[in-house]
Amino acid sequence: MTAKRTLILLRHGQSEWNELNLFTGWVDVRLTEQGKGEARRGGELLAESGILPDVLHTSLLSRAIQTADIALDAADRLWIPVTRSWRLNERHYGALQGKDKAQTLEEFGPEQFQLWRRSFDVPPPPLDDASEFSQVNDPRYAHIDGEVPRTESLKLVIDRLLPYWETAIVPDLEAGKTVLVTAHGNSLRGLVKHLEGISDDDIAGLNIPTGIPLVYELDENNAPTGPGRYLDPEAAAAGAAAVAAQGKK
Ligand SMILES: O=C(O)[C@@H](CO)OP(=O)(O)O
């Protein structure tokens, strides 16, 4: 019999730039007090449901790392082994990084705005290396294979995420470990697209709420045995709707 494989996906809690309604991408902003509360609640949900992670994978961005630490503290699992990778980072948002979502919507119109935010393979214009929001000289990315991105579509995110899924996360699942992945709205959209086989068109309609654990049971091929299950479905629906509506305020 194969061991049970449980995967928990957790988007970081509200960040300072989520609160300000700015495109964030690879800019390393921190959690707000609300975001820290969401992370704590996420950990409590794990503890209450008895779904306790054995290992943690995070991006290299502080908001995901803070979220994981707070959630694991709440679930009394701060001690579990951790692996971090840039491959779990948020989508690089190119020249939109640091821009106000509402202003961008007004300036470019709803069609272009939606294309940049949610299309499968249209990246925003690249970010200039001289920009204060560029990561080209950030030491944490000095050792990534290839170049630091200047922009990414969801497709490009999936291309850099899947090798990590296959070589780092799947082996933990196959060893029977309950795996927590703490990452970002768009990197998790990419992973959910892969897991659930969502089409390039339909993925535009999927939004991931902050701070609510999404749990998958996987079969021996690492395919989900059913749809992902949010541990607080009502809050997840409200959170996803709020993400979808960003910009319209
Ligand atoms: O700004 C970003 O990096 C992401 C996630 O916060 O935003 P969006 O939901 O618009 O893709």
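Residues numbered from 1 in each chain as written. Predicted model: local features only at pLDDT ≥ 70, side-chain atom pairs only at ≥ 80, totals over all residues. Heavy atoms only, no water.

- The name given to the protein chain in an unreviewed UniProt entry is 2,3-bisphosphoglycerate-dependent phosphoglycerate mutase, and the organism recorded there is Microbacterium sufflavum.
- In UniProt, the protein chain has this text filed under Catalytic activity (unreviewed entry): "(2R)-2-phosphoglycerate = (2R)-3-phosphoglycerate". (UniProt positions renumbered as here; feature names shortened; annotations may be inferred.)

### Structural notes on the overall build of the protein chain
- Within the protein chain one finds 7 helices and 6 strands.
- If you list the helices and strands of the protein chain from N to C, you get β-α-α-β-α-β-α-α-β-α-β-β-α.
- A globule of 249 residues ought to have a C-alpha radius of gyration of about 18 Å, and the protein chain, at 17 Å, matches this closely.
- If you line up the protein chain on its principal axes, its C-alpha atoms span 55 × 40 × 35 Å.
- Split into buried and exposed, the 249 residues of the protein chain put 55% on the buried side.
- Nonlocal contacts in the protein chain, meaning residues at least 24 apart in sequence, comprise 77% of its contacts between residues at least 6 apart.
- In the form shown here, the protein chain has an accessible surface area of approximately 11,000 Å², with 50% of it arising from carbon and sulfur atoms.
- Taking the average place of the 26 positive charges on the side chains of the protein chain and the average place of its 37 negative ones, the gap between the two points comes to 1 Å. (Helix = DSSP H or I, 4+ residues; strand = E, 2+ residues; numbered from the N terminus. Rg over C-alpha atoms; globule rule 2.2 N^0.38 Å. Buried < 20%, exposed > 50% of the residue type's maximum accessible area, 1.4 Å probe, protein only. Contact = heavy atoms within 4.5 Å. Areas by Shrake-Rupley, 256 points an atom, 1.4 Å probe, with all protein chains shown as cover. Lys, Arg positive; Asp, Glu negative; His and termini not counted. Charge placed at Lys NZ, Arg CZ, Asp CG, Glu CD.)

### Details of the pairing of strand E2 (residues 55-58)
- Residues of E2 alternate between two faces, with Val55 and His57 on one and Leu56 and Thr58 on the opposite face, all of them buried.
- Across 4 bridges, the pairing between E2 and strand E4 (residues 179-183) is parallel. Bridged to histidine 57 within E4 is valine 181.
- Examined bridge by bridge, E2 and strand E3 (residues 82-84) share 3 bridges and lie parallel to one another. Bridge pairing links threonine 58 to arginine 84 in E3. (Pairing = 2+ DSSP bridges.)

### Notes on the site of the ligand
- What surrounds the ligand is a group of 14 residues, the closest being Thr24, Gly25, Tyr93, Arg117 and Arg118.
- A distance of 2.6 Å is found between an oxygen atom of the ligand and a side-chain nitrogen or oxygen belonging to arginine 117.
- Contact with the protein chains covers 98% of the free accessible surface of the ligand, which is 310 Å².
- For the ligand, the cavity whose grid points lie within 2 Å of the majority of its atoms is the largest cavity.
- Across the shell around the ligand, the residue classes break down as 4 nonpolar, 5 polar and 5 charged. (Near = heavy atom within 4 Å. Polar contact = N/O pair within 3.5 Å; in protein donor to acceptor, adjacent residues only side chain to side chain. 1 Å grid on protein atoms, 1.4 Å probe; cavity = no way out; pocket = protein on both sides within 12 Å on 5 of 7 lines; lining within 4 Å. Sits in = over half its atoms within 2 Å of the grid points. Nonpolar A, V, L, I, M, F, W, Y, C, P; charged D, E, K, R; others polar.)

### Points about helix H2 (residues 33-49)
- Given a rise of 1.5 Å per residue, 17 residues ought to cover 24 Å, and the 24 Å separating the end C-alpha atoms of H2 matches this to within 8%.
- Those residues of H2 that sit buried are Gly35, Glu38, Ala39, Gly42, Gly43, Leu45 and Leu46. In an axial view of H2, the angular spread of the buried residues amounts to 155°, which keeps them on one side of the axis. In H2, those exposed residues whose orientation departs by more than 90 degrees from the buried face are Glu33 and Glu48.
- Its buried side turned inward, H2 meets strand E1 (5-11) and helix H3 (62-74).
- Of the residues flanking the end of H2, it is glycine 50, one or two places downstream, whose phi is positive at about 70°. (Expected span 1.5 Å × (residues − 1). Arc of directions from axis to C-beta.)

### Description of empty space enclosed by the protein
- For the structure shown, the criterion picks out 3 cavities of 30 Å³ or more.
- Of the volumes computed, that of the largest cavity is approximately 170 Å³.
- Lining the largest cavity are 18 residues, with Arg11, Asn18, Glu90, Lys101 and Asn186 positioned closest to its centre.
- Listed by contribution, the elements that provide at least two residues to the lining of the largest cavity are helix H4 (101-118) and helix H6 (185-196).
- Counted by class, the lining of the largest cavity contains 4 nonpolar, 7 polar and 7 charged residues. (Points joined across faces, edges and corners; volume = space filled by probe spheres on them.)

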